[in-house]
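# Residue-level structural notes
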Amino acid sequence: MKTASIIVSAVVVGSAQAFTAGSLPGVRASQVVSYGYVPSGFTPEQYKKFKEAEAKKKTKQNLGGLGPRGFKSRSFQSFQEALERGEAEHLMPVFNAKEKVKRGELKVEDIPYMQRGGSWDNTDVKGAKKARWLKSDKDYAAGGYKKEQSVSIFGYGEGLDWTGSRARSRPESAPGAAPKFGKNYKAPNVKDIKKGLTPATEKKKFFGLF
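Here's a quick rundown of the structure. Model, not experiment: these values are computed from the prediction. (Residues numbered from 1 in each chain as written. Predicted model: local features only at pLDDT ≥ 70, side-chain atom pairs only at ≥ 80, totals over all residues. Heavy atoms only, no water.)

The next subject is the overall build of the protein chain. Secondary structure assignment for the protein chain yields seven helices and zero strands. Out of the 210 residues belonging to the protein chain, those deemed buried represent 13%. If you take every contact in the protein chain between residues at least 6 apart in sequence, the share linking residues at least 24 apart comes to 27%. Looking at the protein chain as shown, the accessible area adds up to about 18,400 Å², and 58% of this sits on carbon and sulfur atoms. (Helix = DSSP H or I, 4+ residues; strand = E, 2+ residues; numbered from the N terminus. Buried < 20%, exposed > 50% of the residue type's maximum accessible area, 1.4 Å probe, protein only. Contact = heavy atoms within 4.5 Å. Areas by Shrake-Rupley, 256 points an atom, 1.4 Å probe, with all protein chains shown as cover.)

This is the structure in structure tokens:
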């Protein structure tokens, strides 16, 4: 009986040792290297350079701004001033523009900048004659465009207060805005107007009584 128990114990111990990692041939610890997501056809280095190039393109597109994306325009005020000076003209689309350029019938700068996706002053065309910047152009480029791109219903200024957190105010020069008067303002009558007297020119009396 004792002999049978010893044999069974030896078989169990031997079986347990046979399944240990140290006894299995060819088993070794491996290192897992993670590169993140890399699209098919790219190496990690190539995909990194591709993402950097795309990020540079987005910074030039000004995606947070209002207005057109495909070309750089000037303000309507500047265009009107240049039109009156004879320095600008109304632009019309050109049909088959690329084919005409290839045949030498048309220059690239002769294609309207909105059609070719360029700039109004021709700075996008190498060797082309650059349009002159007016003072209104410089003011517009220096930040004046933000006034024209306002989403306010008054044409400029802050937009509608949807949350009700701002003070109840509006631009003083907005269309339809009521004029501001002093506390003791008195509207002039016809007699005063004929005499040329207004609240601003009328002589102040003692305590407003005499």
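Turning next to helix α3 (residues 76–85). Looking at α3, one finds that the buried residues are Ser78, Phe79 and Ala82. Considered in projection along α3, the buried side chains sweep an arc of 100° and stay on one side of the axis. α3 presents Phe76 and Glu84 as exposed residues on the side facing more than 90 degrees away from its buried surface. Downstream of α3 by a residue or two, Gly86 has a phi angle that is positive, lying close to 80°. (Arc of directions from axis to C-beta.)

With that settled, consider the side chain of Ser75. Tracing the sequence through the fold places Ser75 in the loop between α2 (44–61) and α3. Taking relative accessible area as the criterion, Ser75 reaches 3% and is therefore assigned buried. A polar contact is formed between the side chain of Ser75 and the side chain of Ser78, at a distance of 2.9 Å. (Polar contact = N/O pair within 3.5 Å; in protein donor to acceptor, adjacent residues only side chain to side chain.)

Take the packing of aromatic side chains next. Any pair of aromatic rings gets described here by the distance separating the centres and the angle formed by the planes. Applying the stated criterion across every chain, the model contains six aromatic pairs. Between Phe71 and Tyr113 the ring centres are 5.9 Å apart and the planes differ by 70°, which places this aromatic pair in the edge-to-face class. With Phe71 in the loop between α2 and α3 and Tyr113 in helix α5 (residues 113–116), this residue pair connects regions lying 42 residues apart in the sequence. Phe71 gets classed as partly exposed once you look at its relative accessible area, which sits at 24%. On the accessibility criterion, Tyr113 (12% relative accessible area) is buried. Every member of this aromatic cluster is reached through a ring pair, and the members are Tyr37, Phe42, Tyr47 and Phe50. It is Arg74 that lies over the ring of Trp120; its NZ or CZ is 3.9 Å from the centre. (Phe/Tyr/Trp six-rings, centres within 6.5 Å; stacked < 30°, edge-to-face > 60°. Lys NZ or Arg CZ within 6 Å of the ring centre and 35° of its normal.)

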